[in-house]
Amino acid sequence: MDVNAAVAAAAAIAGVLTGVIAMLAFRWSERDQKRPTRTSLHTDPVLPPGVDTVLSVLRSSAVVLDEADAVVKASSAAYALGLVRGGTLSVEPMLQMARDTRRDGEIRQVELDLPRRGTGRGEALAVSARVAPLGSRLVLLLVEDLTEARRIEAVRRDFVANVSHELKTPVGALSLLSEAVMDASDDPEAVQRFAGRMQIEATRLTNLVQELIDLSRVQNDDPLEDAEPVRVDELVAEAIDRCRHQAGTKQITMASNVWSPDGTDQGGRREGDAADLHVWGNRGQLAAALGNLVENAVNYSPARTRVGIAARRVSAPGGDMIELAVTDQGIGISDKDKERIFERFYRVDPARSRATGGTGLGLAIVKHVVASHGGEVTVWSAEGQGSTFTLRLPEAGAARDRAQQHPGFEDEAGSPESSPYASLPAPEVLP
């Protein structure tokens, strides 16, 4: 009996000891699982508090790399620029900068030109990359897209250089001609010839200065402050009258199918409510814009061809629009030039522009006038087939409701099918 009791007591004690040991082992194992290891630090990095929120509101592209160069966090802009691909930083110079910064803790910054991917263009993407340590293990990369800023700076430099060149050319010519007049003081015929050349150069200089003033005015002034309803037929008549002499010299026929205020076209036909087209804006600026288009059409058209002006009302989501289209049968514009023709001083054919006295500012003025009036200008053109420039402006009634809206300008080129004026009819030839 005593032996059995002793055995039972020993078994009980052994069972208690086994339970205690098992519990201690479980606790020890649980603590080891919670303890951070080298592997867990590498595979599951944690951003410092608040960093995720800050990165989400930055305009720059942001990428956070861990100690193995794996991407921990990347903004959508970083993916859009092609910086991050497959969870890794794809730009080797930036990756090397991150490694150097992780090694010595120094902040680094560099400007790079990256190839564009997926656009089919050879243009480079200009970026500024800045790398800084983020805590003890992470590295932060911020990338700023400088492409647009560089383009604007290049346009500004080109503008200053072009202004200097354009002003220097007629001024130099006037200086040389004045010397020639002095040397030919005893030759009345030569004096008269040189004086005529001086008048031409003086006119070119005057036109250049005036167009620079006009461009500055349309860029800085709000034309809708003193806006009024402007009759489209009057704008067209003024543009035609402005170019009547040049067109007559080249035997170019100028035609229009704008409906007159009395409800009839120039052939006596009626068109109902299309007879009274008005746009809302500054009359002087609108006349200058349309006049520049007509003048370009005449200057760049061969002799004995036709220049047409058409106007119509079209429906649009924000209200009816008035379309004014100027069509010529000239030399046309290539696809690569269509992207730049509205830039200041850009000329498709510089030699021909100088022969016609162009300054390269006319289309830039058209662009800014139309944009400031809440409209847009588009161009369809094919080399050897002519061009059609179309102004879309809010109709007078609809424009009052959105006078404060200034949509961005688009210089997209349409297709022959998208241009309703590709073969402009001309009801009557204007005298």
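Residues numbered from 1 in each chain as written. Predicted model: local features only at pLDDT ≥ 70, side-chain atom pairs only at ≥ 80, totals over all residues. Heavy atoms only, no water.

Trainee: I would appreciate a short explanation of the confidence of the model for the protein in the present structure.
Mentor: Interpretation of the predicted coordinates at a detailed level should be avoided for regions scoring low in pLDDT. Of all residues in the protein, 71% attain a pLDDT of 70 or more, and the chain-wide mean is 75. Low pLDDT (under 50) marks residues 260-275, which in the prediction has 27 contacts with non-local residues, meaning those over four places away or in another chain. (pLDDT = per-residue confidence, 0-100. Contact = heavy atoms within 4.5 Å.)

Trainee: In this structure, what is going on with the packing of aromatic side chains? I would like to understand it.
Mentor: Aromatic ring pairs: the centre-centre distance and the angle between the two ring planes describe each pair. Applying the stated criterion across every chain yields a total of one aromatic pair. Here the basic side chain of Arg-193 rests over the ring of Phe-194, its NZ or CZ set 5.1 Å away from the ring centre. (Phe/Tyr/Trp six-rings, centres within 6.5 Å; stacked < 30°, edge-to-face > 60°. Lys NZ or Arg CZ within 6 Å of the ring centre and 35° of its normal.)

Trainee: I would appreciate a short explanation of the pattern of salt bridges in the present structure.
Mentor: Should their charged atoms come close, side chains of opposite charge can pair. Applying the stated criterion across every chain, the model contains 19 salt bridges. For the salt bridge of Arg-99 with Glu-92, the shortest nitrogen-to-oxygen distance reads 3.8 Å. For Arg-99, a relative accessible area of 33% corresponds to the partly exposed category. What emerges from the salt-bridge pattern is a single network uniting Arg-231, Asp-233, Glu-234, Glu-238 and Arg-283. (Salt bridge = Lys/Arg side-chain N within 4 Å of Asp/Glu carboxyl O. Buried < 20%, exposed > 50% of the residue type's maximum accessible area, 1.4 Å probe, protein only.)

Trainee: Would you mind showing me how to read the pairing of strand 10 (residues 278-281) here?
Mentor: Every regular strand shows the same layout, with side chains that alternate between the two sheet faces. Side chains His-278 and Trp-280 project from strand 10 onto one buried face, and the interleaved Val-279 and Gly-281 project onto a second face that is buried too. As judged from the four bridges shared by strand 8 (residues 228-231) and strand 10, these two strands associate in the antiparallel manner. Among the inter-strand pairings, Val-230 is bridged to a residue of strand 10, identified as Val-279. (Helix = DSSP H or I, 4+ residues; strand = E, 2+ residues; numbered from the N terminus. Pairing = 2+ DSSP bridges.)

Trainee: Explanation requested: the sheet that holds strand 1 (residues 61-65) in the structure shown.
Mentor: Two pairing modes exist for strands in a sheet, parallel and antiparallel, and in both the strands are linked by backbone hydrogen bonds. Reading across from one edge, 2-1-7-6-5 is the order of the five strands in this open sheet, with antiparallel pairing throughout. Edge strands, defined here as strands with exactly one partner in the open sheet, are strand 2 (71-74) and strand 5 (108-115). Within this sheet the neighbouring strands show an average axis-to-axis angle of 25°, counted without direction. The pairing of strand 6 (residues 124-134) with strand 7 (residues 138-145) spans eight bridges and is classified as antiparallel. What sits directly across from Ala-129, in strand 7, is Val-143. The strands that helix 5 (residues 92-104) touches are strand 1, strand 5, strand 6 and strand 7; relative to strand 5, the one it contacts most, it runs at about 165°. (Axes fitted to C-alpha atoms, helices over the stretch in contact; angles between N-to-C directions.)

Trainee: How do you make sense of the packing of helix 10 (residues 283-299) against helix 13 (residues 362-372) when you look at a structure like this?
Mentor: When two helices pack together, their arrangement is given by the angle between the helix axes and by the axis-to-axis distance. Between helix 10 and helix 13, the shortest axis-to-axis distance is 9 Å and the interhelical angle comes to 140°. Helix 13 is crossed by helix 10, and the crossing has left-handed handedness. On helix 13, the residues that touch Gln-285, Leu-286, Ala-289, Asn-292, Leu-293 and Asn-296 of helix 10 are Gly-362, Leu-363, Ile-365, Val-366, Val-369 and Ser-372. Its residues assigned to classes, the contact of helix 10 with helix 13 comprises seven nonpolar, five polar and no charged. (Left-handed = near helix turned anticlockwise from the far one by under 90°. Nonpolar A, V, L, I, M, F, W, Y, C, P; charged D, E, K, R; others polar.)

Trainee: Looking at this structure, I do not really get helix 5. What am I missing?
Mentor: Think of an α-helix as turning once every 3.6 residues; residues three or four places apart then point the same way. In a regular helix each residue adds 1.5 Å, so 13 residues correspond to 18 Å; helix 5 covers 19 Å between its end C-alpha atoms and thus fits that length. Of all the positions in helix 5, only Met-94, Leu-95, Met-97, Ala-98, Asp-100 and Thr-101 are classed as buried. In this structure, the buried residues of helix 5 make contact with strand 1, strand 4 (88-89), strand 5, strand 6 and strand 7. (Expected span 1.5 Å × (residues − 1).)

Trainee: Please clarify how the nonpolar core should be interpreted in this entry.
Mentor: The nonpolar side chains of a soluble globular protein tend to be buried with one another. Core analysis: the largest hydrophobic core is formed by 46 residues, its most contacted members being Val-232, Val-279, Leu-290, Val-326, Phe-389 and Leu-391. Of all elements in the fold, only helix 7 (188-220), helix 8 (232-242), helix 10, strand 11 (306-314), strand 12 (321-327), helix 13, strand 13 (376-382) and strand 14 (386-394) reach the threshold of two or more residues within this core. Counting residues per element, this core draws most heavily on helix 10, which supplies eight residues. Discounting residues that sit within four places of it in the chain, Val-326 has contacts with Leu-290, Leu-293, Val-294, Ala-297, Val-307, Gly-308, Ile-309, Ser-387, Thr-388 and Phe-389. (Core = buried A, V, L, I, M, F, W, Y, C linked by side-chain atoms within 4.5 Å.)

Trainee: How should the environment of Arg-156 be read in this particular structure?
Mentor: Of note, Arg-156 is situated in helix 6 (residues 147-183). Take Arg-156: its relative accessible area is 44%, and that puts it in the partly exposed class. As a C-alpha pair, Arg-156 and Arg-344 span 188 residues in sequence and 9.7 Å in three-dimensional space.

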